[in-house]
Amino acid sequence: MTLNLTVSPDFAPDRLSGWYIFNTWLARQLDTPVHLALYDDFAAQRAAIAADQVDIIYANPFDAAMLVREKGFVPLARPDGQCDEAVIAVEAASPWQCVEDLQPGIRIATTDDPHVHMMSMMMLESADLSQETVTFDACDSYVLVAKALLSGQAGAGFFLSAAFDGLSPVTRKRLRVLIRSQISVIEHVLLTGPGLGGQRQQLQSALLGMAQDTKGAGVLGSLGFDGWQPVEQEDTEFMIDLMETLAS
Amino acid sequence: MSGSAAATGEVVREQLLTYQDGSERLATISDREIPFPDGRLIVSRTDTAGVITHVNAAFVEMSGYSEAELIGQPHSILRHPDMPAAAFQDLWETIRAGNKWHGYVKNLRKDGACYWVYATVIANLRHGEVVGYTSVRRKPSRRRVEESARSYAAMGGAQAT
């Protein structure tokens with residue numbers, strides 16, 4: 001039987017080869033063929049999840065909620081020290097100095113990354129802005145969000161914090177952070193589907209030992225991770241509860 | 001009793017707060033407001049009786065209490081006397097009915113200052129049973145704070161019931 005692994009579509013493009021290397025490592029650990037299925041967007045990935053075509057997933061926190069509560073997935077591990085935070089940025093010469101300066105009617109560049117959008121909208125509340133009082137410019141990537149700001153097409157942009165920090169130094173210099181979230185508990189999680197109960201323990205042990213193993217450390221390096229931390233069901237339930245409070 | 005702190009000009013009063021369980025506390029209340037920290041969330045969890053079981057670092061920082069002082073205390077330890085009891089009655093009725101509660105809340109710090117939050121409270125369901133509640137507070141809009149302050153003043157505020 002071939003297992004299907006998939007990765008949240010918001011992974012950094014320069015980590016693509018890293019996920020293929022992880023896929024090979026995973027197949028060796030489980031002594032089972034593993035197929036890495038990558039999707040262009042969240043909608044396509046959710047359709048695959050709904051059709052039960054996913055066995056192992058490195059999931060966006062927003063989707064982790066659905067996977068745990070509706071599909072019976074179990075969290076295994078999360079990357080060490082990689083909490084997901086959001087940034088609202090403007091063009092460097094913008095007159096706006098803080099979120100509260102933003103005005104109704106502003107055009108905001110954003111991606112389809114659901115948790116980044118949710119965290120960013122939460123940070124706009126203090127400016128009395130909501131979905132009803134702003135307009136969105138949908139972008140396919142964070143690089144395009146930056147371009148929309150630099151071209152003046154959008155007045156503000158929502159970024160995954162790590163993606164903002166990963167922009168080229170030249171681009172970052174032409175942008176300015178208005179606000180950066182410090183939530184600390186929202187994070188991507190590696191989960192296994194209900195059919196993998198028998199291999200869960202074996203997989204978790206292998207993941208937690210990766211950093212101590214030469215080959216495993218190399219795989220982690222290709223993903224940009226220092227290691228994995230174990231995640232208990234209750235840790236993920238807590239994150240889901242917290243995100244539920246942030247949803248409007 | 002009321003007076004002014006000469007150095008800062010803040011208005012300070014002492015007020016006896018009475019809680020639902022009958023306990024009382026003489027609290028120093030000042031008009032000094034601490035701004036909500038940008039980008040952060042204040043998070044706590046309670047058991048089903050409203051006793052605090054978890055607080056995050058922002059909660060500790062904003063409340064002025066240590067974590068050890070908070071864990072095991074009723075959540076009403078933060079209740080500001082300017083808040084009407086009806087607001088909390090609505091909160092409990094809403095979450096006990098299994099619904100999400102939102103509201104603007106003025107909280108009381110240990111040092112008597114206050115901080116406004118936009119709070120959301122949900123029930124923590126595990127295997128179909130409510131095992132506690134999670135409360136998350138975020139930075140409120142100033143306009144909504146001012147509206148809420150007027151509304152709560154019209155309701156007369158309340159002792160911390």
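(A) Geometry of the overall build of chain B. Summing up its helical and strand segments, chain B has four helices and eight strands in all. If you list the helices and strands of chain B from N to C, you get β-β-β-β-β-α-α-α-β-β-β-α. Scaling as 2.2 N^0.38, a compact globule of 161 residues should have a C-alpha radius of gyration of about 15 Å, and chain B matches this with 16 Å. Taken along its principal axes, the extent of the C-alpha atoms in chain B is 55 × 35 × 30 Å. A burial count over chain B gives 48% of its 161 residues as buried. Counting contacts in chain B only where the partners sit at least 6 residues apart, residues at least 24 apart contribute 49% of the total. Approximately 7700 Å² of chain B is accessible, and the part contributed by carbon and sulfur atoms is 52%.

(B) Inspection of the pattern of salt bridges at higher detail. Counted under the stated rule, the structure contains 25 salt bridges over all chains. Measuring nitrogen to oxygen at the nearest pair gives 2.7 Å for the salt bridge that ties Asp63(A) to Arg46(A). With Asp63(A) in helix H3 (residues 61-71) and Arg46(A) in helix H2 (residues 42-50), the pair connects residues that are 17 residues apart, well separated along the chain. The residue Glu234(A) makes a salt bridge to Arg45(B) at a minimum N-O spacing of 2.9 Å.

(C) View of the interface of chain A and chain B. Each partner contributes residues to the interface: chain A has 21 residues there, and chain B has 23 residues. A combined buried area of about 1800 Å² lies between chain A and chain B, and 51% of that area is made up of carbon and sulfur atoms. On the chain A side of the interface with chain B, the three residues burying the most area are Asp128(A), Phe238(A) and Thr245(A), jointly 29% of the side's total. Linking chain A to chain B there are eight salt bridges. The interface formed by chain A and chain B holds 12 residue pairs in polar contact (both at pLDDT 80 or more) in total. Of all elements in the fold, only helix H4 (114-124), strand S9 (175-180) and helix H10 (233-246) of chain A reach the threshold of two or more residues within the side of chain A that touches chain B. Counting residues per element, the side of chain A that touches chain B draws most heavily on H10(A), which supplies eight residues. When grouped by side-chain class, the residues that make up the side of chain A that touches chain B number eight nonpolar, four polar and nine charged.

(D) Region of interest: the pairing of strand S1 (residues 3-7) of chain A. Residue and element names in this part refer to chain A. Most of S1 sits out of view: four of its five residues are buried. Examined bridge by bridge, S1 and strand S2 (residues 34-37) share four bridges and lie parallel to one another. For Thr6, the partnering residue across the bridge sits in S2 and is Ala37. Remark: the S1/helix H1 (residues 16-30)/S2 crossover connection has right-handed handedness. Relative to strand S3 (residues 56-59), S1 is paired through three bridges, and the arrangement is parallel. By the bridge assignment, Thr6 is partnered in S3 with Ile57.

(E) Spotlight on unusual backbone geometry. All names here are of chain A. Even without glycine at this site, Asp31 takes up a positive phi of about 55 degrees. Tracing the backbone shows Asp31 in the loop between H1 and S2. Positioned with a positive phi, Asp128 is a non-glycine residue whose angle comes to about 65 degrees. Within the element layout of this structure, Asp128 appears in the loop between H4 and strand S7 (135-138). A residue is classified by how much of its surface remains accessible, and Asp128, at 29% relative accessible area, is partly exposed.

(F) A look at the sheet that holds strand S5 (residues 86-91) of chain A. Residues and elements named next belong to chain A. Here we have five strands laid out as an open sheet, ordered S7-S6-S8-S5-S9, and mixed in their pairing. Of all strands in the sheet, those with a lone pairing partner are S7 and S9, marking the two edges. Between one strand axis and the next, the sheet turns by 30 degrees as a mean value, whatever way the strands run. Relative to the sheet, H4 contacts S5, strand S6 (107-110), S7, strand S8 (156-160) and S9, its axis offset from that of S5 by approximately 70 degrees. Along the sheet, helix H5 (residues 142-150) contacts S5, S6, S7, S8 and S9; its crossing angle with S8, the most-contacted strand, is approximately 160 degrees.

(G) Inspection of the packing of aromatic side chains at higher detail. Within the structure shown, the criterion is met by 14 aromatic pairs over all chains. Aromatic pair Tyr58(A) and Trp228(A): ring centres 6.1 Å apart, planes at 80 degrees, arrangement edge-to-face. A residue pair is termed long-range when its members are at least 10 positions apart, and Tyr58(A) in strand S3 and Trp228(A) in strand S11 (residues 228-230) qualify at 170 residues. Its relative accessible area of 7% is what places Tyr58(A) among the buried residues. Assessed through its relative accessible area of 5%, Trp228(A) is described here as buried. Grouped by ring-pair contacts, the aromatic residues Trp19(A), Phe22(A), Trp25(A), Tyr58(A), Phe225(A) and Trp228(A) constitute a single cluster. For Arg79(B), the ring lying beneath its charged end belongs to Phe88(B), and the centroid distance is 3.8 Å.

Reading the values: rules and limits
Residues numbered from 1 in each chain as written. Chains lettered and ligands numbered in written order. Predicted model: local features only at pLDDT ≥ 70, side-chain atom pairs only at ≥ 80, totals over all residues. Heavy atoms only, no water. Helix = DSSP H or I, 4+ residues; strand = E, 2+ residues; numbered from the N terminus. Rg over C-alpha atoms; globule rule 2.2 N^0.38 Å. Buried < 20%, exposed > 50% of the residue type's maximum accessible area, 1.4 Å probe, protein only. Contact = heavy atoms within 4.5 Å. Areas by Shrake-Rupley, 256 points an atom, 1.4 Å probe, with all protein chains shown as cover. Salt bridge = Lys/Arg side-chain N within 4 Å of Asp/Glu carboxyl O. Buried area = accessible area lost by both parts, 1.4 Å probe. Polar contact = N/O pair within 3.5 Å; in protein donor to acceptor, adjacent residues only side chain to side chain. Nonpolar A, V, L, I, M, F, W, Y, C, P; charged D, E, K, R; others polar. Pairing = 2+ DSSP bridges. Right-handed = clockwise from strand over helix to strand, strands pointing away. Axes fitted to C-alpha atoms, helices over the stretch in contact; angles between N-to-C directions. Phe/Tyr/Trp six-rings, centres within 6.5 Å; stacked < 30°, edge-to-face > 60°. Lys NZ or Arg CZ within 6 Å of the ring centre and 35° of its normal.

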